[in-house]
Amino acid sequence: MSKIPEDLHYTEEHEYVKQTDDPGVVQIGITDYAQSELGDVVYVDLPEVGEKFARMDVFGTIEAVKAVSELFCPVAGEVVEVNEALEGDPSLVNKDPYGEGWMIRLRIRNPAELDQLLTAADYAQHIGE
Amino acid sequence: MALDQQLLEEVESRGDGVAYLRLYRWSPACLSLGRNERASARYDRHRIEKLRLPVVRRPTGGRAVWHDREVTYAVAAPLAAFGSLGESYRAIHFRLLCALRRLGVPATLSSGPPRGARLDIGPCFSAAVGGEIVVNGNKLVGSAQVRARRAFLQHGSILLEGDQSVVLSVTRAFQSAVNTTGLAQTLGRNVAFEEVMEAVLETWARPGEEIETMDSPRVDPGALAFFSDPAWTWRR
């Protein structure tokens, strides 16, 4: 069974959104289920701080063995921080997707968009767990 | 590369269940780099340019491939048609396996798990990582994928001759031996592109699927410019 923390929001494309201490900033990464499906992550291509994305824009790519997958921005906003540690150790996405394997922190444009995302229960149903 | 990417984008935007299978060959022969390979550090660009080797960077993952005597395939399909990454990788290889068996090739799908490979360990063909088409443990087909929101592209090389020595000749660091094979070595005779193409087309469709053949569409100039740009080819 994959880990699906109750307090996060999710997309059908397997990204999660986690609140940070700053109420206007969220942390984004991929779910435990997604990292498990991908296998060993060998590279994560992330945006620069300051880049802006609309909801469901591609904000980066992740490469596991043989496959590159696009990463989708669950909510609109501006990147305020990028997880530089993934450049040196992309396997953090496999080891700790909700913690050290986070990808970007985003200042969100419209908090109401969070309500359009999946709950943990919705996501569990989506992946058949 | 531009056309493969174009087919992916078309399937992504259509959303009507149509998928594309493209079979092609390279003229001239060409070195392709994996999307995220650290090519500038790994390969001797000066030597590549001195040898006048054409180079392109793929939109898909994996490592460098020398495309010469091969049948290249590309599948652009809705995600829903072939399932997860692992499922789609194996399903497409299984269809190719059926074609190779028809040609008399004693190929099998390798059973190793698709884990453990790294971007810095050598040519794309140097190791079978699971779900690969192999003959006596040597890779006959090398493939890579890119997955978008609703569609994916998987393309790869069915080697007519299993020679990837060009990749090693332009690689800076020492590389271990490359365990590849080609149809010529496997069958003990020369195998033509057309022979493989016909076998793939004859065995590809599954019940309920229809194949309609078509000529290659016109390549979008923007996509062509993107994949021709050294800034993309040598981005890392």
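The structure we're discussing is the one just above.
Below: a short report on this structure. (Residues numbered from 1 in each chain as written. Chains lettered and ligands numbered in written order. Predicted model: local features only at pLDDT ≥ 70, side-chain atom pairs only at ≥ 80, totals over all residues. Heavy atoms only, no water.)

A word on the interface of chain B and chain A. With 29 residues of chain B at the contact, the number on the chain A side is 21 residues. Scanning the region where chain B abuts chain A turns up 4 salt bridges. Its salt-bridge partner being Glu87(A), residue Arg236(B) comes within 3.5 Å of it at the nearest N-O pair. Where chain B packs against chain A, one counts 9 residue pairs in polar contact (both at pLDDT 80 or more). At 6 residues, strand E8 (residues 138-147) of chain B tops the list of elements feeding residues into the side of chain B that touches chain A. (Contact = heavy atoms within 4.5 Å. Salt bridge = Lys/Arg side-chain N within 4 Å of Asp/Glu carboxyl O. Polar contact = N/O pair within 3.5 Å; in protein donor to acceptor, adjacent residues only side chain to side chain. Helix = DSSP H or I, 4+ residues; strand = E, 2+ residues; numbered from the N terminus.)

The next point concerns the sheet that holds strand E2 (residues 30-33) of chain B. Residues and elements named next belong to chain B. Pairing is mixed across the open sheet formed by 3 strands, whose spatial order is E3-E2-E4. Edge positions in the open sheet fall to strand E3 (55-57) and strand E4 (65-67), since each of these has one partner strand only. With strand direction ignored, the average angle separating the axes of adjacent strands in the sheet is 30°. The sheet contact formed by E2 and E3 spans 3 bridges and is parallel. Note that in E3 the partner of Leu 33 across the bridge is Arg 57. (Pairing = 2+ DSSP bridges. Axes fitted to C-alpha atoms, helices over the stretch in contact; angles between N-to-C directions.)

This next bit is on the nonpolar core. Ranked by size, the top nonpolar core spans 29 residues in total, and within it Val44(A), Leu46(A), Phe59(A), Ile62(A), Met103(A) and Leu106(A) carry the most contacts. With sequence-adjacent residues up to four places away left out, Leu106(A) is seen in contact with Gly24(A), Val25(A), Val26(A), Ile28(A), Cys73(A), Val75(A), Ala76(A), Gly77(A), Glu78(A), Val79(A) and Val80(A). In terms of nonpolar packing, the next biggest core, distinct from the first, is built from 28 residues, Leu23(B), Leu103(B), Val105(B) and Phe152(B) among them. (Core = buried A, V, L, I, M, F, W, Y, C linked by side-chain atoms within 4.5 Å. Buried < 20%, exposed > 50% of the residue type's maximum accessible area, 1.4 Å probe, protein only.)

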